[in-house]
Amino acid sequence: MQPAVTAALTRALFEEWAERGYAALSLENVARRAGVGKAALYRRWRSKGDMAGDCLAAVGITITEVEDTGSLRGDVRALLFAIRRVLRHPLVRRILPDVHAEIARSPDLRAAVRPFQARRREQVRLVVDRAIARGELAPSVDHALAADLIGAPIYWRQIVTGGRADGRYVETLATAVAAAIEATGPATPER
């Protein structure tokens, strides 16, 4: 398959999604916007949910990967800055609220998004496990709560309230989140 066509289709998906929302998203319109025939799209994905899941996974995980900085606070800081970068993108700002609204209504989107969300949470698990290995955290730290603590505040600030997350905010948040993770006790079951 031609990578340029896949890239054009991916770009077109996100542009259509931002304009129309997932419920009104048409794969035919995505193909038209990408300047390719429907067959090119359907050779890659058999449904809207498949395409959404693959495209989210392709762009969403690698852009928030962070290297080991040597400390929990440093890793949290790096992850928060990476998340902030993603959340600042105009298409992301328009699509994410729709994703969270639609996963309650659309089983195919929910099935497509859950693995992506699990992989993002796995990135936090790696950060936490590195901190445990360095002796910064107890082995009983709550990984699920750590993932919630890292992602939720900056998402809320930038996407839900439309607030700014400048460097000072991210630095302060990194310190607060690292301290909160250190304070978590034994793991609680994830629901």
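Preceding this paragraph is the structure being described.
Residues numbered from 1 in each chain as written. Predicted model: local features only at pLDDT ≥ 70, side-chain atom pairs only at ≥ 80, totals over all residues. Heavy atoms only, no water.

Things to note about the pattern of salt bridges
Turning to step 1, where the next piece is worked out: Scanning the model with the defined rule gives 15 salt bridges in all.
Turning to step 2, where the next piece is worked out: Its salt-bridge partner being Arg 33, residue Glu 15 comes within 3.2 Å of it at the nearest N-O pair. Within this pair, whereas Glu 15 is found in helix 1 (residues 3–20), its partner Arg 33 is found in helix 2 (residues 27–34), the two being separated by 18 residues in sequence.
Turning to step 3, where the next piece is worked out: The closest approach of N and O atoms between Glu 102 and Arg 105, which form a salt bridge, is 2.9 Å.
Turning to step 4, where the next piece is worked out: According to the relative accessible area criterion, Glu 102 is buried, its value standing at 8%.
Turning to step 5, where the next piece is worked out: Judged by relative accessible area, Arg 105 falls into the exposed class, the value being 56%.
Turning to step 6, where the next piece is worked out: Each of Glu 15, Glu 16, Glu 19, Arg 20 and Arg 33 takes part in one network of salt bridges that share partners. (Salt bridge = Lys/Arg side-chain N within 4 Å of Asp/Glu carboxyl O. Helix = DSSP H or I, 4+ residues; strand = E, 2+ residues; numbered from the N terminus. Buried < 20%, exposed > 50% of the residue type's maximum accessible area, 1.4 Å probe, protein only.)

A closer look at the packing of aromatic side chains
Turning to step 1, where the next piece is worked out: Taken as a whole, this structure holds 2 aromatic pairs when the rule is applied.
Turning to step 2, where the next piece is worked out: Each ring, one from Phe 14 and one from Trp 17, has its centre 6.3 Å from the other, and the planes form 10°; the classification is stacked. Separated by 3 residues within a single helix, Phe 14 and Trp 17 lie in helix 1, roughly one turn from each other. In this pair, the class of Phe 14 matches that of Trp 17, namely buried.
Turning to step 3, where the next piece is worked out: With a centroid separation of 5.4 Å and an interplanar angle of 50°, the aromatic rings of Trp 17 and Tyr 22 are classed as tilted.
Turning to step 4, where the next piece is worked out: A residue is classified by how much of its surface remains accessible, and Tyr 22, at 1% relative accessible area, is buried.
Turning to step 5, where the next piece is worked out: Through pairs of rings, three or more aromatic residues link up here, namely Phe 14, Trp 17 and Tyr 22.
Turning to step 6, where the next piece is worked out: Lys 48 extends its terminal NZ or CZ atom over the ring of Tyr 22, reaching a point 4.5 Å from the ring centre.
Turning to step 7, where the next piece is worked out: Over the aromatic face of Tyr 169 sits the side chain of Arg 157, whose NZ or CZ is 3.9 Å from the ring centroid. (Phe/Tyr/Trp six-rings, centres within 6.5 Å; stacked < 30°, edge-to-face > 60°. Lys NZ or Arg CZ within 6 Å of the ring centre and 35° of its normal.)

A closer look at the environment of Cys 55
Turning to step 1, where the next piece is worked out: Inspection of the secondary structure puts Cys 55 in helix 4 (residues 48–60).
Turning to step 2, where the next piece is worked out: The spacing of Cys 55 and Val 99 is 44 residues in sequence and 13 Å in space, taken between C-alpha atoms.

With respect to the side chain of Glu 102
Turning to step 1, where the next piece is worked out: Looking at the element boundaries, Glu 102 is found in helix 6 (residues 90–102).
Turning to step 2, where the next piece is worked out: Apart from residues lying up to four places away in sequence, Glu 102 is in contact with Tyr 22, Ala 23 and Leu 109. (Contact = heavy atoms within 4.5 Å.)

Section: the nonpolar core
Turning to step 1, where the next piece is worked out: Ranked by internal contacts, the top residues of the largest apolar core, which has 29 residues, are Leu 72, Val 76, Leu 80, Ile 150, Ile 154 and Ile 181.
Turning to step 2, where the next piece is worked out: Elements supplying a minimum of two residues to this core: helix 5 (72–87), helix 7 (107–133), helix 8 (143–160) and helix 9 (167–183).
Turning to step 3, where the next piece is worked out: Considering every element that reaches this core, the biggest residue donor is helix 5, with 8 residues.
Turning to step 4, where the next piece is worked out: Residue contacts for Ile 154: discarding those within four places in its chain leaves Leu 80, Ile 83, Arg 84, Leu 87, Ala 165, Tyr 169, Val 170 and Leu 173.
Turning to step 5, where the next piece is worked out: Counting residues in hydrophobic clusters, the runner-up holds 27 residues, among them Ala 8, Leu 9, Ala 34 and Leu 56. (Core = buried A, V, L, I, M, F, W, Y, C linked by side-chain atoms within 4.5 Å.)

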